[in-house]
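# Understanding the architecture of this molecule
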Amino acid sequence: MNRFRAFQFLMLLLAGSVLFGCASGGLPQPIVDHNRDYDFTAAKTFAFMNRKSGPAESVVLSDMEINRVNNAFERALTMRGLTLVEKREDADILISWLLVTKEQTDVRSYNSTSYYQCWGCGPAVSDVSVRQYTQGTLIVDMVDPEMRKSVWRSVVQSKLNAEHELEGQQERFNNVAEHMMAAYPPQ
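Below or above, wherever it landed, is the structure these notes cover. Throughout, a residue's number is its position along its own chain's written sequence, starting from 1. Totals for whole chains, interfaces and linings use all residues, but because this is a predicted model, local features are given only for residues with pLDDT of at least 70 and pairs of side-chain atoms are given and counted only at 80 or more. Derived side-chain values reflect all non-hydrogen atoms in the structure, with water molecules and hydrogen atoms excluded from consideration.

### Examining the packing of helix 2 (residues 63-78) against helix 3 (residues 169-180)
Lines fitted to the C-alpha atoms define the axes, with helices restricted to the stretch that makes contact. Angles between their N-to-C directions range from 0 to 180 degrees. Only DSSP runs of H or I with at least four residues qualify as helices, and only runs of E with at least two residues qualify as strands; both kinds are numbered from the N terminus onward. Running from amino to carboxyl end, helix 2 crosses helix 3 at an angle of 45°, the nearest separation of the two axes being 8 Å. Taken as axis vectors, helix 2 and helix 3 run oblique relative to one another. Seen from above, helix 2 lies across helix 3 with right-handed handedness. In contact with Glu65, Arg68, Val69, Asn71, Ala72, Phe73, Arg75 and Ala76 of helix 2, helix 3 contributes Gln169, Gln170, Phe173, Asn174, Ala177, Glu178 and Met180. Polarity classes work like this: nonpolar for Ala, Val, Leu, Ile, Met, Phe, Trp, Tyr, Cys and Pro, charged for Asp, Glu, Lys and Arg, and polar for all others, with Gly in that last group. Among the residues forming the contact of helix 2 with helix 3, the class breakdown is seven nonpolar, four polar and four charged. Our angle categories are set so that under 35 degrees counts as roughly parallel, over 145 as roughly antiparallel, 65 to 115 as roughly perpendicular, and the remainder as oblique. We call a crossing left-handed when the near helix sits turned anticlockwise from the far one by less than a right angle, and right-handed when that turn is clockwise. Contacts between residues were defined by any pair of non-hydrogen atoms, one from each residue, lying within 4.5 Å.

### Section: a nonpolar patch on the surface
On the surface, Val107, Val128 and Val130 cluster together into a nonpolar patch covering about 280 Å² of accessible area. Structurally, the position occupied by Val130 is in strand 5 (residues 125-144). Candidates for patches are residues over 30% relative accessible area with no salt bridge; among them, like charges are joined within 9 Å and nonpolar side chains (Val, Leu, Ile, Met, Phe, Trp, Tyr) within 5 Å. For every accessible area listed, the method is Shrake-Rupley and the probe measures 1.4 Å; residues are considered covered only by the protein chains on display. Between Lys or Arg on one side and Asp or Glu on the other, a salt bridge is scored when a side-chain nitrogen of the former is within 4 Å of a carboxyl oxygen of the latter.

### Overview of the pairing of strand 2 (residues 45-48)
For the exposure calls, accessible area comes from a 1.4 Å probe over protein chains only, and a residue counts as buried if that area is under 20% of its type's maximum, exposed if over 50%, partly exposed in between. Burial along strand 2 is two-sided: Thr45 and Ala47 facing one way and Phe46 and Phe48 facing the other are all buried. Being paired, for any two strands, means DSSP has found at least two bridges between them. Here strand 2 pairs with strand 3 (residues 83-84) via two bridges, running parallel. Note on strand 3: the bridge partner recorded for Thr45 is Thr83.

So far we have only geometry, and geometry alone does not tell us how the molecule works.
Structure representation (structure tokens):
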């Protein structure tokens, strides 16, 4: 496997893992915003917007990964009473999502005790821990096709895990999509 293909595969695994949840095992709380004047009860159908290239930090996903994410959001929205339509012009609302990644550095400094872990046995020793990780941000927008403006947004951030297990990936995507869409429609 050439280096570019290996890099793409690694990024695919990293991108999928943002949807697996954060490193502690739980799902991070999404930040949700919406247009308070918009009538969400009028939205009965939805379609996915064509994917545009995002910022330089966005991950290039394969068609398989895009389909898994789309399937997860289709499932979550269908559970909320919306119906997927094939043609964007037939949709009451359009769904757009983007995954952005950013390399981060976590630097922590702390004092540790001396050789025998005894407070009185010797001087305290300063220690520094440096850890590199990838921060992932998944952004989901619901766009009114007539206004051509976002009317609802859910954003979730998480440290990405480099999980190599693809088994059960769709179920994890489904869980994250349901979690992100839990506040839809707004009350």
